[in-house]
Amino acid sequence: MRLLSARLIISLIIGVMLVSLCASEYEVWVGKRNLRRDLQRRAEVLAESLAGNVERDIERGAFQTLRKTVQHFAHRENLIGMAVYDPQGHVIAITNDLAPRMAETPPVVLDTLKDNHEADAFQRLSGQPVHISVLPLYSPGKFLGALAIVHDAGYIRAQSLRIWHETFLSGLAQVVLIVLITLLIVRWSFEGPIARTAHWMRALRTGHMPSPRIGVPDVELFRPLAREVATFAQSLNTARTAAEREARLRAEGQSQWTAEKLTLNLHARLGEGRMFVVSNREPYIHMRRGKSVEVSVPPSGLVTALEPVLCACDGTWLAHGSGTADRETVDRHNRLLVPPDDPRYTLRRIWLTKEEEEGYYYGFANEGLWPLCHIAHTRPIFRASDWKQYQAVNRKFADALLEEMKDSEKPVVLVQDYHFALLPRMIKQKRPDARVAIFWHIPWPNQEAFGICPWQRELVDGLLGADLIGFHIQSHCTNFLQTADRVMESRIDWDHFTVQRRGHTTTVHPFPISVDVTELSPEGSGEPVLDGRSGLLKSLDIEALFLGVGVDRLDYTKGILERFLALERFFEKYPRYQGQFTFVQIGAPSRSHLKRYHDLEAEVEAEAGRINWRFQRDKWRPIVLLNRQHSHKEIEPYYKAADLCLVTSLHDGMNLVAKEFVAARDDESGVLILSIFTGAARELHDALQVNPYDIDQTAEAIRVALEMDPEEKQARMQHMRRVIREHNIYRWAGSLISELCELRLDSDERADGKTHLGAAAA
Ligand code: G6P
């Protein structure tokens, strides 16, 4: 009631009253009409039943009888009397009571005498409301006069008043009832949810993090409000967390990259310049599930890092539209605004035919370049037809990008990965004013290894179109420069890591990618993980004391089979751990359309099965293989609960699983076993580093990890957490884009040169 103002209640009462009054008025009108009709009918019937006798009496001249007949009917219900007139309007007979009141012939009688037709009228007679019904009288061939029947009509008014009274009272009762019910409905349906929302928002404002679910009912009516309020709350929380973090870091004299810092920094650098990102995988995929469409974000650090920048500068992300409902969710220019909950930048989807996808993505990128760049002993396959599609798709993306940036001055372009080696050159040829960087997310092998690619010159030339090329680590940069030196006519500056070719300079620098560590508190929450561990093991129907975890796309570069062999060796060497230690391998099927990947899935399954068969007993198994896509939220409990995490890639550009594991360990426990062939190994020195091909060494590392002192575990984890807190994903994006924006472009130099010459001539 508190929330409903008096004005609302008064409006409600007036509204309902008006409706009720109109309804009563109508009911009275209908009642009155029916009563009048009824009276008219009765008068008509009476007149018609009398007419025969009256006509006979007149014809016979029996006026005495006529008067008697008339008098005889004088006492009927509501009948005041009746009168018989001759054709001239003179009274022939009249009832006694009526005679003094009808001294004059009423106009309705004169009408009938004049026109020879029936008539009736409601009128007043000596102040009394009456009804006069007049019937013409005939004998065959002769007009005899008229019979007038006069009824008292006063009861109609009385009855109408009664109807009015009754309907008004029942209307009044309805008004009260409707107002009460409405108030109750409002109170139950609106006031409760509104009060809960207000309470929830107050808690949010005062910093007492309320439950993430806003307490309004899940009904259509409230959904838009709930959605907006939830998005608003999320933004507020993010802003508050960022402000707190900034304040904390300022107080500690540290400067950590955050999404906010990245946004501010780059907004200032980009100025009016717009930013464009190109990648094969899109940041939002729409999939059809039955009748509904679901949107998902591929688990990739790239979206986390680049989204704040794109949002800040109204950017555009171009990517292959690969979702089953992608076409239904774009406009006629193949664009849509994302993120879906808080649209801030544009996603432009590019459509590929089956042949293009087969040749460019599966063929050249994943059967050619992927194994070429990862030294993992899977032979690259180079088909001329795939190369043709790779060129065509790079051209398709370049055309779309040029179209998207046609109205932007000095655009900034970030091309992602090995799918688009030719794109930088294609863009710079048409738009020399654009700042173009490409980040190569996978390793670059040494020049001999790269040299087997039949199109190495074209690939290197395409890449050298860029102003900036980024790799994860210095040795990939060095390998690339050596390759460029060998295959191209170019000048390498080994001091500044630049390549000069046909007047264009390309800078080649390392930018180690990382994860979002904004959730990391400096001290760690120290929450015990044992509950989580026993809960997870129970859900897997396993009994064990120790838990290990591995998380990978099912890819031959990840060394999953070598990892399983190391586990087998560990159980052979240290049988006391049989029945005690279980390793959970989360393996997301990937690129399964390719035979090599398809075969690998079967091999991994068979190997896990073989080892399990050899050792398992009762409710214990050495390896649990969970081969399906898991979200980050599903994986995190495993990271948090595990005694150790195994990353045994045979070759990996960076490997973010290693960093995600460290980021998740706010209890500062757990041991990371990390392949020396990952980029991450250059930063995470406190991991137990292993050569994954050395099965005994990895088996030994598992034992060391399980038996490590808690203090040593903590010291190692603390150090690794410090490293990734400092070198997080925002720093990656920040330094890559800052460096790109700071480069002096050849087009600027030429423009400067012209100005100089112009000035000299003048
Ligand atoms: C690697 C590549 C990425 C790629 C990811 C997943 O990390 O560097 O470009 O997106 O694997 O592979 P997919 O082929 O499924 O996109």
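Residues numbered from 1 in each chain as written. Predicted model: local features only at pLDDT ≥ 70, side-chain atom pairs only at ≥ 80, totals over all residues. Heavy atoms only, no water.

A look at the overall build of the protein
- Secondary structure assignment for the protein yields 22 helices and 23 strands.
- Contacts in the protein between residues at least 24 apart in sequence constitute 72% of all its contacts with a sequence separation of at least 6.
- Averaging the coordinates of the 93 positive side-chain charges in the protein and doing the same for the 99 negative ones gives two points 3 Å apart. (Helix = DSSP H or I, 4+ residues; strand = E, 2+ residues; numbered from the N terminus. Contact = heavy atoms within 4.5 Å. Lys, Arg positive; Asp, Glu negative; His and termini not counted. Charge placed at Lys NZ, Arg CZ, Asp CG, Glu CD.)

Digging into the confidence of the model for the protein
- Scored by pLDDT, the protein has a mean of 88; 91% of the residues are at 70 or more.
- Residue range residues 520–528 is modelled with pLDDT below 50. Its contacts to residues more than four positions away, or to other chains, number 17 contacts.
- Predicted confidence is poor over residues 755–762, with pLDDT under 50, and the contacts of this stretch with residues over four places away or in other chains come to zero contacts. (pLDDT = per-residue confidence, 0-100.)

Comments concerning the packing of aromatic side chains
- Summed over the entire model, instances satisfying the criterion amount to 32 aromatic pairs.
- The interplanar angle of 90 degrees and the centroid separation of 5.1 Å between the aromatic rings of Phe439 and Trp732 together place this pair among those described as edge-to-face. In this pair, Phe439 is assigned in strand β13 (residues 435–439) and Trp732 in helix α21 (residues 729–742), connecting sequence segments 293 residues apart. An identical accessibility class is assigned to Phe439 and Trp732; each is buried.
- Aromatic side chains Trp494 and Phe497 sit 5.8 Å apart centroid to centroid with 85 degrees between the ring planes, which places their arrangement in the edge-to-face category.
- A relative accessible area of 36% places Trp494 in the partly exposed class.
- By relative accessible area, Phe497 is classed as buried at 17%.
- A connected cluster of aromatic rings, assembled from ring pairs, spans Tyr360, Phe364, Phe382, Trp387, Tyr390, Phe397, Phe420 and Trp455.
- Sitting over the ring of Phe122, Arg36 keeps its end group 4.2 Å from the ring centre. (Phe/Tyr/Trp six-rings, centres within 6.5 Å; stacked < 30°, edge-to-face > 60°. Buried < 20%, exposed > 50% of the residue type's maximum accessible area, 1.4 Å probe, protein only. Lys NZ or Arg CZ within 6 Å of the ring centre and 35° of its normal.)

Section: the site of the ligand
- Residues in contact with the ligand, as listed here, are Arg281, Tyr361, Trp370, Asp417, Tyr418, His419, His441, Ile442, Arg553 and Arg591.
- Here an oxygen atom of the ligand sits 2.4 Å away from a polar atom, N or O, in the side chain of Asp417.
- The separation between an oxygen atom of the ligand and a polar side-chain atom of Arg591 is 2.9 Å.
- Bound to the protein, the ligand loses 71% of the 380 Å² it would expose on its own.
- Split by residue class, the shell around the ligand holds four nonpolar, two polar and four charged. (Near = heavy atom within 4 Å. Polar contact = N/O pair within 3.5 Å; in protein donor to acceptor, adjacent residues only side chain to side chain. Areas by Shrake-Rupley, 256 points an atom, 1.4 Å probe, with all protein chains shown as cover. Nonpolar A, V, L, I, M, F, W, Y, C, P; charged D, E, K, R; others polar.)

Observations regarding the pattern of salt bridges
- Within this structure, the stated rule accounts for 45 salt bridges.
- Notably, a salt bridge pairs Arg41 with Asp38, separated by 3.5 Å at the nearest N-O pair. Of this pair, Arg41 and Asp38 both sit in helix α1 (residues 6–60), three residues apart, which is roughly one turn of that helix.
- When its relative accessible area of 49% is taken as the criterion, Arg41 is described as partly exposed.
- Asp38 gets classed as partly exposed once you look at its relative accessible area, which sits at 29%.
- A salt bridge links Asp342 to Arg344; the shortest N-O distance between them is 3.3 Å.
- The partly exposed category is assigned to Asp342, whose relative accessible area is 28%.
- What makes Arg344 partly exposed here is its relative accessible area of 42%. (Salt bridge = Lys/Arg side-chain N within 4 Å of Asp/Glu carboxyl O.)

A look at helix α8 (residues 354–373)
- Roughly 40 degrees is the biggest bend found in α8, and it falls at Ala365.
- Of all 20 residues in α8, 16 are buried, a share of seventy percent or more. (Bend = angle between axes of the 7 residues up to and from the residue.)

Considerations on the sheet that holds strand β12 (residues 412–416)
- Here we have 10 strands laid out as an open sheet, ordered β10-β11-β9-β6-β12-β13-β14-β17-β16-β15, and mixed in their pairing. Two strands lie at the open edges of the sheet, namely β10 (335–338) and β15 (491–493), each paired on one side alone. Pairwise comparison of adjacent strand axes, ignoring direction, gives a mean angle of 20 degrees for this sheet.
- Where β12 lies against β13, five bridges are found, and the strand directions are parallel. Within β13, the residue paired with Leu414 across the bridge is Ala437.
- Sheet contacts for helix α10 (residues 423–430): β6 (275–279), β12, β13, β16 (498–501) and β17 (504–510); angle to β13, the most-contacted strand, approximately 180 degrees. (Pairing = 2+ DSSP bridges. Axes fitted to C-alpha atoms, helices over the stretch in contact; angles between N-to-C directions.)

Considerations on unusual backbone geometry
- A cis geometry characterises the amide bond from Val338 onward to Pro339, with omega recorded as -5 degrees.
- Considering the arrangement of structural elements, one finds Pro339 in the loop between β10 and β11 (345–350).
- At Asp541, a position not held by glycine, the phi torsion is positive, near 60 degrees.
- With respect to the helices, strands and loops of the structure, Asp541 is situated in the loop between α14 (530–539) and β18 (546–553).
- Taking relative accessible area as the criterion, Asp541 reaches 47% and is therefore assigned partly exposed.

Topic: a nonpolar patch on the surface
- A surface patch of nonpolar side chains, about 290 Å² in accessible area, is lined by Ile10, Ile14 and Leu18.
- Take Ile10: it is sitting in helix α1. (Patch = residues over 30% accessible without salt bridge, like charges linked within 9 Å, V, L, I, M, F, W, Y side chains within 5 Å.)

Some thoughts on the pairing of β11
- Here β11 lies mainly inside the structure; six of its six residues are buried.
- Side chains Tyr345, Leu347 and Arg349 project from β11 onto one buried face, and the interleaved Thr346, Arg348 and Ile350 project onto a second face that is buried too.
- Strand direction decides the pairing type here: β10 and β11, joined by four bridges, are antiparallel. Bridging across to β11, Val338 finds its partner in Tyr345.
- In this antiparallel pair of consecutive strands, β10 and β11, the connection spans six residues.

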